[in-house]
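Inside the fold
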Protein chains: 4
Amino acid sequence: MNTDRLEAFSDGVLAVAITLLVLGLHVPAPARGSLATQLGREWPSFAAYLVSFFVIGIIWVNHHAVLHNIARVDRMAMFVNLLLLMCVTAIPFSTATLASYLRHGGRDDHLAAAIYGVPVLGVTLSFTALCTWSAHRGLLQAGLGRREAATSVRRFAAGSVAVSGAIAVAFVSAIAALATHATIAAYYCVERSPADRDP
Amino acid sequence: MNTDRLEAFSDGVLAVAITLLVLGLHVPAPARGSLATQLGREWPSFAAYLVSFFVIGIIWVNHHAVLHNIARVDRMAMFVNLLLLMCVTAIPFSTATLASYLRHGGRDDHLAAAIYGVPVLGVTLSFTALCTWSAHRGLLQAGLGRREAATSVRRFAAGSVAVSGAIAVAFVSAIAALATHATIAAYYCVERSPADRDP
Amino acid sequence: MNTDRLEAFSDGVLAVAITLLVLGLHVPAPARGSLATQLGREWPSFAAYLVSFFVIGIIWVNHHAVLHNIARVDRMAMFVNLLLLMCVTAIPFSTATLASYLRHGGRDDHLAAAIYGVPVLGVTLSFTALCTWSAHRGLLQAGLGRREAATSVRRFAAGSVAVSGAIAVAFVSAIAALATHATIAAYYCVERSPADRDP
Amino acid sequence: MNTDRLEAFSDGVLAVAITLLVLGLHVPAPARGSLATQLGREWPSFAAYLVSFFVIGIIWVNHHAVLHNIARVDRMAMFVNLLLLMCVTAIPFSTATLASYLRHGGRDDHLAAAIYGVPVLGVTLSFTALCTWSAHRGLLQAGLGRREAATSVRRFAAGSVAVSGAIAVAFVSAIAALATHATIAAYYCVERSPADRDP
């Protein structure tokens, strides 16, 4: 199979997942106090929404770049891609969970922040697996050498280590973990892999 | 009509349906016990989510392969495709129902697991009907012989029998039925039909 | 503007709207009685879901056929198309309202069934307006004569009359109104307009 | 990167966001009074839904026109586009918030109406930034002169000023603010920028 419909379907899932994040924001109700107070209490929802939006956005950009380098996909690549998408669709859930515990505080916000990192880690691991498998099976574009492929794999493996770090940070401070995720997203936003061939 | 817009619309529905599954996961609330306990109690939701994600994923892969072999569609094929999509959009509902009864247990979880199989059965029957009709009406690609078409039909008919088996299993054990659905999905994940012409 | 991106956006909205219908189905909760009883009580939801799914499906098929005949769109055509899509996105709301009142019964189910017809009427009127405007402004495909264009307009005008009839029927019986909508959808499913140029 | 997949992803997010607006409409429940009374009380939801639908629709039309003039996008343009989409996905939330406070009245509806304008302002500012950056970095189509580019930037800057005006109006009257947003949307619906090259 060529990658066109895989991209179209993945784009669809990513677009829906990124938009469903908004369902995690609670619409303030007039009866529960002043609007300003309610929105102030909701800051963790807004912060988590913001970070998750850019996390999924960066995943989309990377998904793009990776599939740009792949000439065709086999069943295994399609399965790994499904795994990746499953992790992405779990992000609105983990985001809402983290927001719910950040508002409440207590010891469980550490666990919620750690869980927040799990689907993100699943995505970076899926990217690593997809790049490794595609290189191993000769599914890459003709012009791509062994070195570029290895660089791609290393890049996502490094991402997995960084996200694991964010999960570890969660057990110290939930807010620091969210900030770490934001930093990782910002890094991938400005960083350009050598295999990322924009003119 | 050629199949391009049919594929685009079907991809859209499949992408939204697979992502809506996440709305069936309950966001833990701090007031209702420790996060770990709540997530532990929610395992049926996660298991059902996982299985349904791959069931819809496999449906997408097969939808792809089937439409790849069809040159053009008439009104009847379009209607059968709508029927197929309707069954797919019912999966988030049947998944949430099964998860709700697996958590609770009792005799009704058998019925819930049987109901879970109904839209999946509807999908395999729709695929069988779509292949039969397309072969009968000469809507297939020029290169496809009578034998490949018959193989496709047999393949989905076999799938219908397997899913019917999973529905029967539900009356013995709801969890065994879910496991049967997972096994069927895994089988279709690795299996390659002869008509599935990847290079 | 050519019609490609208009079709892609409209396909997206139609695919999301048709899939959101499922959110109107209530997931049975173990505490509220046996599953069979609950699903039995929910029959109006399933009936309304079924009819609305095919109503939106038929709208998609017709949207396709209409845009197939239009070579390019101007601002006005784009605005009319937005109006059409707005009516479509209101259907999950009117469907859920009708289902809620069919379950309850009483005099208000007549009003709910009448309201159910309003967005559908909006769609047929938008189609009529889109065809009339496109013919008037010379936006149609080169091969299309004045007569085919007039037939298209008449066809959707007839649809508007039929849907108005279904709205009138609602004041006699809500269930009969839903059945009328189903009949109209079935009619458009088998009927082929002369301008509908399948090979 | 060329703009094709950016458009496809953006179309997806815009289509989902515009359809999610419907989730802000409350399905009337038979127990809470007559249907007509309930729908009457819900008028702010319908008004806000109507305005937001056309606001997102106009954003889609403009997004189209802007990307039509851009030949390729770099990381920064992609990031600004993500920012734009994030503001769009926030609109269903701000719409539901405004509707909730319009129903209730009191002083907080002013703040809710002001907040309603914030994501819309974010969109016009993102458009201004996207046009400025694309012109500055030479990402525009070959045929586009410096003057057309400057006109585009001025157009969105003017839009930002108009939306800021609507936010200011909110502190006088929430309903007047909503009407201002509707007027701005209507203006952009009929207005044609010089760079908007319909045949």
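Now for a look at the structure at hand. These figures come from a predicted structure and were not determined experimentally. (Residues numbered from 1 in each chain as written. Chains lettered and ligands numbered in written order. Predicted model: local features only at pLDDT ≥ 70, side-chain atom pairs only at ≥ 80, totals over all residues. Heavy atoms only, no water.)

Our next topic: the arrangement of the chains. Taking C-alpha atoms only, the smallest gap left between chain A and chain C, which are not in contact, amounts to 9 Å. With respect to C-alpha atoms, chain B approaches chain D no nearer than 9 Å, and the pair has no contact. (Contact = heavy atoms within 4.5 Å.)

Moving on, we get to the pattern of salt bridges. Where charged atoms from two side chains of opposite charge approach closely, those side chains can pair. Taken as a whole and assessed by the stated rule, the structure comprises twelve salt bridges over all chains. Residue D:Glu7 pairs with C:Arg5 through a salt bridge whose shortest N-O separation is 2.4 Å. Of the two residues, D:Glu7 sits in helix H1 (residues 4-20) while C:Arg5 sits in helix H1 (residues 4-20), which places them in two different chains. Residues D:Glu7 and C:Arg5 agree in their burial class; the two are buried. If you follow the salt bridges from partner to partner, you end up with A:Arg5, B:Glu7 and B:Asp11 in one network. (Salt bridge = Lys/Arg side-chain N within 4 Å of Asp/Glu carboxyl O. Helix = DSSP H or I, 4+ residues; strand = E, 2+ residues; numbered from the N terminus. Buried < 20%, exposed > 50% of the residue type's maximum accessible area, 1.4 Å probe, protein only.)

Moving on, we come to the interface of chain A and chain D. The interface is formed by 39 residues belonging to chain A together with 31 residues belonging to chain D. Across the interface of chain A and chain D, roughly 3,100 Å² is buried in total on both sides, 74% from carbon and sulfur atoms. Contact with chain D buries area across many residues of chain A, yet A:Pro30, A:Leu35 and A:Trp60 alone supply 20% of it, more than any other trio. At the junction of chain A and chain D, the tally comes to two salt bridges. At the boundary of chain A and chain D, one finds nine residue pairs in polar contact (both at pLDDT 80 or more). At the level of elements, helix H1 (4-20), helix H2 (35-41), helix H3 (43-68) and helix H7 (174-190) of chain A are the ones that each hand at least two residues to the side of chain A that touches chain D. Of the residues that constitute the side of chain A that touches chain D, the class distribution is 26 nonpolar, eight polar and five charged. (Buried area = accessible area lost by both parts, 1.4 Å probe. Polar contact = N/O pair within 3.5 Å; in protein donor to acceptor, adjacent residues only side chain to side chain. Nonpolar A, V, L, I, M, F, W, Y, C, P; charged D, E, K, R; others polar.)

Now for a nonpolar patch on the surface. A surface patch of nonpolar side chains, amounting to about 300 Å² of accessible area, comprises A:Leu23, B:Leu23, C:Leu23 and D:Leu23. When you line up the elements, B:Leu23 lands in the loop between helix H1 (4-20) and helix H2 (35-41). With relative accessibility at 38%, the residue B:Leu23 sits in the partly exposed group. (Patch = residues over 30% accessible without salt bridge, like charges linked within 9 Å, V, L, I, M, F, W, Y side chains within 5 Å. Areas by Shrake-Rupley, 256 points an atom, 1.4 Å probe, with all protein chains shown as cover.)

Turning our eyes to something else, we now look at the relation of the copies chain B and chain A. If you rotate chain B by 90° and push it 0.0 Å along the axis, it lands on chain A with an RMSD of 0.0 Å. Taken together, these values place the two copies in the relation of a four-fold axis. Here only 8% of the contact residues of chain B are again contact residues in chain A; the copies associate through non-equivalent surfaces. (Least-squares fit on C-alpha atoms with pLDDT ≥ 70 in both.)

Turning our eyes to something else, we now look at the packing of aromatic side chains. In total, this model carries 28 aromatic pairs over all chains according to the counting rule given. Put simply, the rings of A:Tyr49, A:Phe53, A:Phe54 and D:Phe79 touch in pairs and so form one group of aromatic residues. Lying across the ring of A:Phe156, A:Arg155 places its NZ or CZ 5.4 Å from the centre. (Phe/Tyr/Trp six-rings, centres within 6.5 Å; stacked < 30°, edge-to-face > 60°. Lys NZ or Arg CZ within 6 Å of the ring centre and 35° of its normal.)

Residues and elements named next belong to chain B. Look at helix H4 (residues 75-104) against helix H5 (residues 108-136): their axes get within 8 Å of each other, and the N-to-C directions meet at 165°. Looking at the two axes, H4 sits roughly antiparallel to H5. Considering only the axes of H4 and H5, their crossing is left-handed. Here the contact of H4 with H5 is built from residues that sort into 23 nonpolar, five polar and two charged. (Axes fitted to C-alpha atoms, helices over the stretch in contact; angles between N-to-C directions. Parallel < 35°, antiparallel > 145°, perpendicular 65-115°, else oblique. Left-handed = near helix turned anticlockwise from the far one by under 90°.)

Counting from both sides, the interface comprises 38 residues of chain B and, opposite them, 31 residues of chain A. Both faces considered, chain B and chain A share a buried interface measuring about 3,100 Å² in area, 74% of it formed by carbon and sulfur atoms. Across the contact surface, chain B and chain A share two salt bridges. Here chain B is connected to chain A by nine residue pairs in polar contact (both at pLDDT 80 or more).

Bringing the environment of C:Ser160 into the picture now. Residue and element names in this part refer to chain C. In this structure, Ser160 sits in helix H6 (residues 146-170). Spatially, the C-alpha atoms of Ser160 and Ser126 are 9.6 Å apart, while their sequence positions differ by 34 residues. Aside from chain neighbours lying at most four places away, what touches Ser160 is Leu121, Thr124, Leu125 and Thr128.

With that settled, consider the relation of the copies chain A and chain D. Of the two same-sequence chains, chain A is brought onto chain D (RMSD 0.0 Å, axial shift 0.0 Å) by a rotation of 90°. Taken as a fraction of all interface residues of chain A, those also at the interface in chain D reach only 8%, which identifies the copy contact as different-surface.

The subject of this paragraph is the environment of D:Ala185. All names here are of chain D. Note that Ala185 resides in helix H7 (residues 174-190). According to the relative accessible area criterion, Ala185 is buried, its value standing at 10%. Separated by 176 residues in the primary sequence, Ala185 and Phe9 place their C-alpha atoms 23 Å from one another. Setting aside its immediate chain neighbours within four residues, Ala185 contacts Val55 and Ile58.

This next bit is on helix H6 (residues 146-170) of chain B. Residues and elements named next belong to chain B. In this model H6 runs 37 Å from its N-terminal to its C-terminal C-alpha over 25 residues, within 8% of the 36 Å that 1.5 Å per residue would give. Three or more residues of H6 are buried, namely Ala149, Ser152, Arg155, Phe156, Gly159, Ser160, Val163, Ala166, Ile167 and Ala170. For H6, the elements touching its buried residues are helix H3 (43-68), H5 and helix H7 (174-190). (Expected span 1.5 Å × (residues − 1).)

Residue and element names in this part refer to chain B. Orientation of H1 relative to H3, taken along the N-to-C sense of each, is 175°, at an axis distance of 10 Å. Taken together, the axes of H1 and H3 lie roughly antiparallel to each other. Between H1 and H3, the contacting residues are Leu6, Glu7, Ser10, Asp11, Leu14, Ala17 and Ile18 on the first element and Phe53, Ile56, Gly57, Ile59, Trp60, His63, His64 and Leu67 on the second. The residue inventory of the contact of H1 with H3, partitioned by class, reads nine nonpolar, four polar and two charged.

To continue, consider the side chain of C:Thr124. Residues and elements named next belong to chain C. Of note, Thr124 is situated in helix H5 (residues 108-136). Separated by 3.1 Å, the side chains of Thr124 and Ser160 make a polar contact. Those residues in contact with Thr124 that sit more than four places away from it in its chain are Phe156, Gly159, Ser160 and Val163.

Another point: the environment of B:Asp108. Relative to the helices and strands, B:Asp108 is located in helix H5. By relative accessible area, B:Asp108 is classed as partly exposed at 22%. Sequence spacing of B:Asp108 and B:Pro44 is 64 residues, and the spatial spacing of their C-alpha atoms is 15 Å. Aside from chain neighbours lying at most four places away, what touches B:Asp108 is B:Tyr101, C:Ser34 and C:Leu35.

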